[in-house]
Amino acid sequence: MALLEVKDLKVYYGVIQALKGISFHVDKGEIVALIGSNGAGKTTTLHTLSGLLQPRSGEILYNGKNITKVPGHKIVSMGMAQVPEGRRVFPDLTVAQNLRLGAYSRKDQAETEASFEYVYKRFPRLKERQNQAAGTLSGGEQQMLAMGRALMSHPDIILMDEPSMGLSPILVNEIFDIIREVHEDGTTVLLVEQNAKKALAIADRAYVLETGTISTEGKASDLLGDESIRKAYLGE
Amino acid sequence: MLSFLQYLISGLSLGSIYAIIALGYTMVYGIAKMLNFAHGDFIMIGSYVIFTVVTTLSGGSIPGLLVAIVCCTLIGVTTERIAYRPLRGAASPLAVLITAIGVSYFLENLALLVFGSDTKSFTPVVSWSGLVLADGKLRIQGVTIITIIVSIVILIALQTFVNKTREGQAMLAVAQDKGAATLMGINVNRTISITFAIGSALAAVAGALLCSAYPSLTPYTGAMPGIKAFVAAVLGGIGSIPGAMIGGLCLGIVEILSKTYISSQLSDAIVFGILIIVLLVRPTGILGKNIQEKV
Ligand SMILES: Nc1ncnc2c1ncn2[C@@H]1O[C@H](COP(=O)(O)OP(=O)(O)O)[C@@H](O)[C@H]1O
Ligand SMILES: [Mg+2]
C-alpha cells in the first residue's frame, strides 16, 4: 500500500481548472519528484494535499485513509508536513518561535525538545540564530528554517515546494544534501522542483506535470536519460 | 501647575480607556485583517448590560461587569461567526468593512428598541472616592486611578499571552501568514474567534470604565470613543499591542489638554488633525513597522 495516493484529482480556481485529473502515488521511504515548468500546477497539487485547497473531485488517500475532506489544520498531525514555496517563515517571530510553531500539533513536550535537538544538529546555523527574527535571515537560512520547522512535527512524509528557488549554486547543493540526509533519517519525500536535473538526481521516481496533467512518469534515472525530457526540462 | 497635573491625569485616564478599546481594535485588525467598526458598539452593549444588572436588578457592580464580559464575548464571537467569517476571502475587503458598519447600526438600533433613546444615568462601578493630595489642591478620583491600573494590567497580560503561550503564538502566526499557520496545524477560524472573544471582553471592561467616568449612557455612547480608539490604534501603529497603548494615551492627553487650554469645540478637530499629520510623516504609525521587501 502506498503511503500517499492521489486519484484523478481536479482542482479549480474559480472557473480556471488548474489540475485536470492527476493521479500519482508515493511509497514509504521513497523520494518522488514532481517536476514541470512554471504554472504547471505543482504548488496547487501540494496545497491540495495539505488541505489549503479543496479539490472539485478526486481522492487523496494517506495510509489508505481518505483524507480528501480533512481540514488543513488537521493534516500535519497525521504525519504530513510541508515546506511551502517561498519558505513562508513567520518574519516577526524568532527562529526558535518559528520552530516551536512547527511542533504546534504535538502534545508531548519531551518529543518536541528532542526534535529541537535534531533540527539544531542538522542546521547548526539555526541554533546560532535562534533568537533572531526570521525576517532578518538570508534566503538560504530562511529555507533551512522552513525545512527545520516542517521537521519539528516529526513527519512521516515531507512535501517540499521548490526548496532551491532563488538560491546560489552552493546553497542549492547544500539544500539537496540536506534533503538526502533527511530522507536517510527515514522521512519520505515528495519533492517539487523546477531544477529538474538536481531533483531527478536524488529521486527514486518522478512525475512530469504539464498544464495540469501528468504527461510522463517513471524511474528518475530513466527520465534523466529520456531525450524529450532532456530537451524540455534539462535545457539540453 | 497643580491644575495642569490634574488635567494630565484626566488625560491619562481617558487615554487608558481609549487604549483598552484600541487594544481590541488592533488585535482584531492584526489577526483577522479587518476593521471591526462595530467594536465601539460592543462597549455600549456592555454598558447597558452593566446598567441592567446594577441599576435595574440591583445586582452589584462586580456581577454586572462579569455578566457584561460574558455577553460582549458572546456577541463578538457570534458576530464574527455569522457576519464576518462568510466574507473572509471575499473578492473585495470592502465587503466585510461595510458589513461591520451594518452591524454597528444594527446594534445601535437594537439598543434603541430595547432600552429607549433616553439617557440613562450610569452607576459607577468604582465606588472608591480616590485620593486627595497636596492639602486638597490635587484630587484624583478613584475611577481615574483604577482605569490607569486596569489598562496597564491588561497590556502586560496581553503581551505575556501573545509572546509566551501556545495560543498567543498561534495568533501571531495567523496574523503573519494564515496559510503557513494552517500548515503548522493551527485552526485559523478558531484562532480568530479567540481574538474576537478577547477584543470583545476588553470592550466590556472599557464600557464599565468609560461610563463610570462619564456616567451618561445612550445607544450612541460607544460610537465616538470607538472612532477615537480606532484613531489611537492607527496612531500607535495598527496591529501593534504596545502601539495601541501609546496611541490611546497620547490621544486622551491631547484631547483633555486641548479641551482645557484651547477650545472644547475644537478638541476633536485637533485630535483628528494630529492623526493626519502623524500619518503624513509616518504612515505606519508610531510603532508600526516599515514594510520592507525581503530578498
Ligand atoms: N490563487 C490563484 N488564483 C487563480 N489562478 C491561480 C492561483 N494560483 C495559481 N493559479 C493558476 O493555476 C495554475 C497552476 O499554478 P501553480 O500550481 O502555482 O503552478 P506551479 O507551482 O507549477 O508553478 C497556473 O496557471 C496559475 O496561474
Ligand atoms: Mg509553484
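Bear in mind the structure is a predicted one, so any value in this text is a computation, not a measurement.

Student: Just to check I follow, could you spell out the overall build of chain B for this structure?
Tutor: Across its full length, chain B holds 11 helices and 4 strands. In terms of overall dimensions, chain B has a C-alpha envelope of 60 × 45 × 35 Å along the principal axes. Put simply, of all contacts in chain B between residues at least 6 apart along the chain, 72% involve residues at least 24 apart. Summed over all atoms, the accessible surface of chain B reaches about 13,100 Å², with 70% contributed by carbon and sulfur. Between the mean site of the 16 positive side-chain charges and the mean site of the 10 negative ones, chain B shows a separation of 7 Å.

Student: Which parts of the structure should I look at to understand the sheet that holds strand S5 (residues 65-66) of chain A?
Tutor: Strand pairing in a sheet is mediated by backbone hydrogen bonds. Such pairs are either parallel or antiparallel. Residue and element names in this part refer to chain A. Read from one edge of the open sheet, 4 strands run S2-S1-S4-S5, paired in antiparallel fashion. For this open sheet the edge positions go to strand S2 (16-26) and S5, each flanked by a neighbour on one side alone. Sheet topology note: the strand S1 (residues 4-13)/S2 ladder contains 8 bridges and is antiparallel. Within the sheet, the bridge partner assigned to Tyr12 lies in S2 and is Gln17.

Student: Hey, could you run me through the interface of chain B and chain A in this one?
Tutor: Tallying the contact residues gives 22 residues for chain B and 25 residues for chain A. Contact with chain A buries surface across chain B, with Gln176, Leu183 and Met184 of chain B losing the most and accounting together for 34% of the total. The interface formed by chain B and chain A holds 1 salt bridge in total. In this structure, the salt-bridge partner of Arg88 of chain A is Asp177 of chain B, at a minimum N-O distance of 2.8 Å.

Student: I'm lost on the site of ligand 1 in this one. Help?
Tutor: Residue and element names in this part refer to chain A. Neighbouring ligand 1 are Tyr13, Ala18, Ser37, Asn38, Gly39, Ala40, Gly41, Lys42, Thr43 and Thr44. Within the contact set of ligand 1, an oxygen atom lies 3.3 Å away from a side-chain nitrogen or oxygen of Asn38. Lys42 has a polar backbone atom sitting 2.8 Å from an oxygen atom of ligand 1. Protein chains shield 60% of the accessible area of ligand 1, which is 560 Å² for the free molecule. In terms of residue count, helix H1 (residues 42-49) provides more of the shell around ligand 1 than any other element does, 3 residues in total. Of the residues in the shell around ligand 1, the class split is 3 nonpolar, 6 polar and 1 charged.

Student: Teacher, can you tell me more about the coordination of the magnesium ion (ligand 2) here?
Tutor: Around a metal, the ideal angle is 109.5 degrees if four donors adopt a tetrahedral arrangement and 90 or 180 degrees if six donors adopt an octahedral arrangement. Residues and elements named next belong to chain A. Within the protein, the magnesium ion (ligand 2) binds to Thr43 (OG1) and Glu85 (OE); these donor distances fall in the range 2.0 to 2.3 Å. Placement of Thr43 in helix H1 and of Glu85 in the loop between strand S6 (80-83) and helix H2 (95-102) is noted, with a sequence separation of 42 residues between them. Accessibility expressed as a relative area gives 30% for Glu85, which makes it partly exposed.

Student: What am I meant to see in the side chain of Thr188 of chain A here?
Tutor: All names here are of chain A. In this structure, Thr188 sits in strand S8 (residues 188-193). A polar atom in the side chain of Thr188 sits 2.8 Å from the backbone nitrogen of Gly29. When sequence neighbours within four positions are dropped, the list of residues in contact with Thr188 reads Leu3, Val26, Asp27, Lys28, Gly29, Glu30, Asp156, Ile157 and Ile158.

Student: It is not clear to me how the packing of helix H1 (residues 2-32) of chain B against helix H6 (residues 166-176) of chain B should be interpreted in this structure. Could you clarify?
Tutor: How two helices pack is summed up by the angle between their axes together with the distance between the axes. Residues and elements named next belong to chain B. Two elements in contact, H1 and H6, have axes separated by 6 Å at closest approach and are oriented at 60°. One way to sum up the angle between H1 and H6 is to call them oblique. Here Met27, Gly30 and Ile31 of H1 lie close against H6, whose contacting residues are Met171, Val174 and Ala175.

Student: What should I look at first to understand the packing of aromatic side chains in this one?
Tutor: Think of a pair of aromatic rings as described by two things: how far the centres are apart, and how the planes are tilted against each other in angle. All chains considered together, the criterion is met by 9 aromatic pairs over all chains. Here Phe116 of chain A and Tyr120 of chain A contribute two aromatic rings whose centre-to-centre distance is 5.6 Å and whose plane-to-plane angle is 35°, an arrangement assigned as tilted. Placement of both Phe116 of chain A and Tyr120 of chain A in helix H3 (residues 109-122) is noted, with a separation of 4 residues, approximately one turn of the helix. We classify Phe116 of chain A as buried; its relative accessible area is 7%. Through a chain of ring-to-ring contacts, three or more aromatic side chains come together here, namely Phe4, Tyr7 and Tyr261 of chain B. Sitting over the face of the ring of Tyr12 of chain A, Arg56 of chain A holds its NZ or CZ atom 3.8 Å from the ring centroid. One Lys or Arg, Arg166 of chain B, reaches over the ring of Tyr104 of chain A and ends 4.0 Å from the middle of that ring.

Student: I keep staring at the nonpolar core and nothing clicks. Help me out?
Tutor: Soluble globular proteins: nonpolar side chains tend toward being buried together. Ranked by internal contacts, the top residues of the largest apolar core, which has 86 residues, are Phe90 and Leu101 of chain A together with Met34, Tyr84, Leu158 and Ile186 of chain B. Aside from chain neighbours lying at most four places away, what touches Leu158 of chain B is Leu23, Met27, Ile198, Leu202 and Ile241 of chain B. In terms of nonpolar packing, the next biggest core, distinct from the first, is built from 48 residues, Ala103, Leu126, Ala134 and Val189 of chain A among them.

Rules used in this analysis
Residues numbered from 1 in each chain as written. Chains lettered and ligands numbered in written order. Predicted model: local features only at pLDDT ≥ 70, side-chain atom pairs only at ≥ 80, totals over all residues. Heavy atoms only, no water. Helix = DSSP H or I, 4+ residues; strand = E, 2+ residues; numbered from the N terminus. Contact = heavy atoms within 4.5 Å. Areas by Shrake-Rupley, 256 points an atom, 1.4 Å probe, with all protein chains shown as cover. Lys, Arg positive; Asp, Glu negative; His and termini not counted. Charge placed at Lys NZ, Arg CZ, Asp CG, Glu CD. Pairing = 2+ DSSP bridges. Buried area = accessible area lost by both parts, 1.4 Å probe. Salt bridge = Lys/Arg side-chain N within 4 Å of Asp/Glu carboxyl O. Near = heavy atom within 4 Å. Polar contact = N/O pair within 3.5 Å; in protein donor to acceptor, adjacent residues only side chain to side chain. Nonpolar A, V, L, I, M, F, W, Y, C, P; charged D, E, K, R; others polar. Donors = N, O, S within 2.8 Å, 3.2 Å for Na, K, Ca; no water. Buried < 20%, exposed > 50% of the residue type's maximum accessible area, 1.4 Å probe, protein only. Axes fitted to C-alpha atoms, helices over the stretch in contact; angles between N-to-C directions. Parallel < 35°, antiparallel > 145°, perpendicular 65-115°, else oblique. Phe/Tyr/Trp six-rings, centres within 6.5 Å; stacked < 30°, edge-to-face > 60°. Lys NZ or Arg CZ within 6 Å of the ring centre and 35° of its normal. Core = buried A, V, L, I, M, F, W, Y, C linked by side-chain atoms within 4.5 Å.

Keep in mind these values describe shape, not function.
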